[in-house]
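Per-entry structural report
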Amino acid sequence: MMNDIQAEITAIQTQIAALRQERTSLTTEPIDLESASPEEIADAYRRRAKEDLQLFAEVKGIDDAIAALEAQLAQKIELASQLSQNDSLEQRVAAGKRQALAQAERINQLAAELAAELQSLKATADELSPSYWQVYYKPLITGFRSISVPYVRTDSDVLTIVNRIV
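Just so you know, these numbers come straight off a predicted model, no measurement behind them. Here the residue numbering is sequential within each chain, running from 1 through the sequence in written order. Local features are withheld for residues below a pLDDT of 70 in this predicted model, meaning they are given only at 70 or higher, and side-chain atom pairs are given and counted only at 80 or more; totals for whole chains, interfaces and linings count all residues. As a convention, hydrogens and water are excluded, and side-chain values are obtained from all of the structure's heavy atoms.

1. Let's talk about unusual backbone geometry
With glycine set apart, most residues show a phi of negative sign, and most peptide bonds adopt trans. The phi dihedral of Tyr 137 falls on the positive side, at around 60°, and the residue is not glycine. Here a strand is any run of E in DSSP of at least two residues, a helix any run of H or I of at least four, and the numbering for each starts at the N terminus. Inspection of the secondary structure puts Tyr 137 in the loop between helix H2 (38-136) and strand S1 (148-155). For Tyr 137, a relative accessible area of 66% puts it in the exposed group. Burial here depends on accessible area, computed with a 1.4 Å probe over protein chains only, as a share of the maximum for the residue type. Under 20% is buried, over 50% is exposed, and the range in between is partly exposed.

Written as C-alpha cells, this is what we have:
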C-alpha cells in the first residue's frame, strides 16, 4: 500500500513538472515595430490579441491543472504520513506489549517465591504459636486469612492482575 502511494506521488510530481515546463514554453514573440508599416503594426497587435486570448485560456487551464494536482499531491503525502505513523504506532504498541508480558512473567515468578515464603512463615508460626502464647500471652503472627499475592494472567491480548490468597 505504501509503495502504491509513493508511486502515485511520483507520478503526480512528474506531471506537475511537465505542466510547468509546458507553461514556460507558452510565450509570445515580440512584435517588430521598427520595419513594419502602420497597417502591419495594427494587424500584428490584432493577431496578438486573438492569440493571447487563446494563449491566456491555455495558460489558465495549465495553472488550474497544476493547482488540482498539487492539492491531490498534498492529500497523498498526508496519507503516506499517516500510514507511516500508524506503522510506527503499531511497532511501539508491539514493543510495549512484549515488555509488559516480560514484566508480568517476572511478577508471577516473584509472587510464587513470596507465596512459598509466606507458607513457610505460616508453618513456623503454627509450630511456635502454642509456646509463644505461654511466654508472651499473645499470638506470634496474625492476619494469615487475608494474605494474598498478585498474579498476572492473560486472556488472549488482555493482561489481568488478580490476587491469590496464600
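Back to the text.
2. A short note on the pattern of salt bridges
For this analysis, a salt bridge means a side-chain nitrogen from Lys or Arg found within 4 Å of a carboxyl oxygen belonging to Asp or Glu. Under the criterion given, the structure shown has 6 salt bridges. As a salt-bridge pair, Asp 126 and Lys 122 come within 3.4 Å of each other at their nearest N and O atoms. Placement of both Asp 126 and Lys 122 in helix H2 is noted, with a separation of 4 residues, approximately one turn of the helix. Its relative accessible area of 35% is what places Lys 122 among the partly exposed residues.

3. Observations regarding the confidence of the model for the protein
Across the protein, the average pLDDT comes to 85, with 98% of residues at 70 or higher. Per-element averaging of pLDDT across the protein places strand S2 (residues 158-165) at the bottom with 84 and helix H1 (residues 2-25) at the top with 88. Note: pLDDT gives the predictor's confidence per residue, expressed from 0 to 100.

4. A look at the nonpolar core
One finds Ile 5, Ile 9, Ile 12, Ile 16, Leu 19, Ile 62, Ile 66, Leu 69, Leu 73 and Ala 80 forming the largest nonpolar core, which totals 10 residues. Those elements giving two or more residues to this core turn out to be H1 and H2. When neighbours within four sequence positions are excluded, Ile 16 is seen to be in contact with Ile 66, Leu 69, Glu 70 and Leu 73. Joining through side-chain atoms within 4.5 Å is the link that ties buried Ala, Val, Leu, Ile, Met, Phe, Trp, Tyr and Cys residues into a set, and such a set is a nonpolar core. Between two residues, a contact is recorded if the distance between any of their heavy atoms is within 4.5 Å.

5. Focus on the environment of Asn 3
Relative to the helices and strands, Asn 3 is located in helix H1. Exposure remark for Asn 3: the relative accessible area of 66% places this residue in the exposed category. The spatial distance from the C-alpha of Asn 3 to the C-alpha of Ala 80 is 9.4 Å, given a sequence separation of 77 residues.

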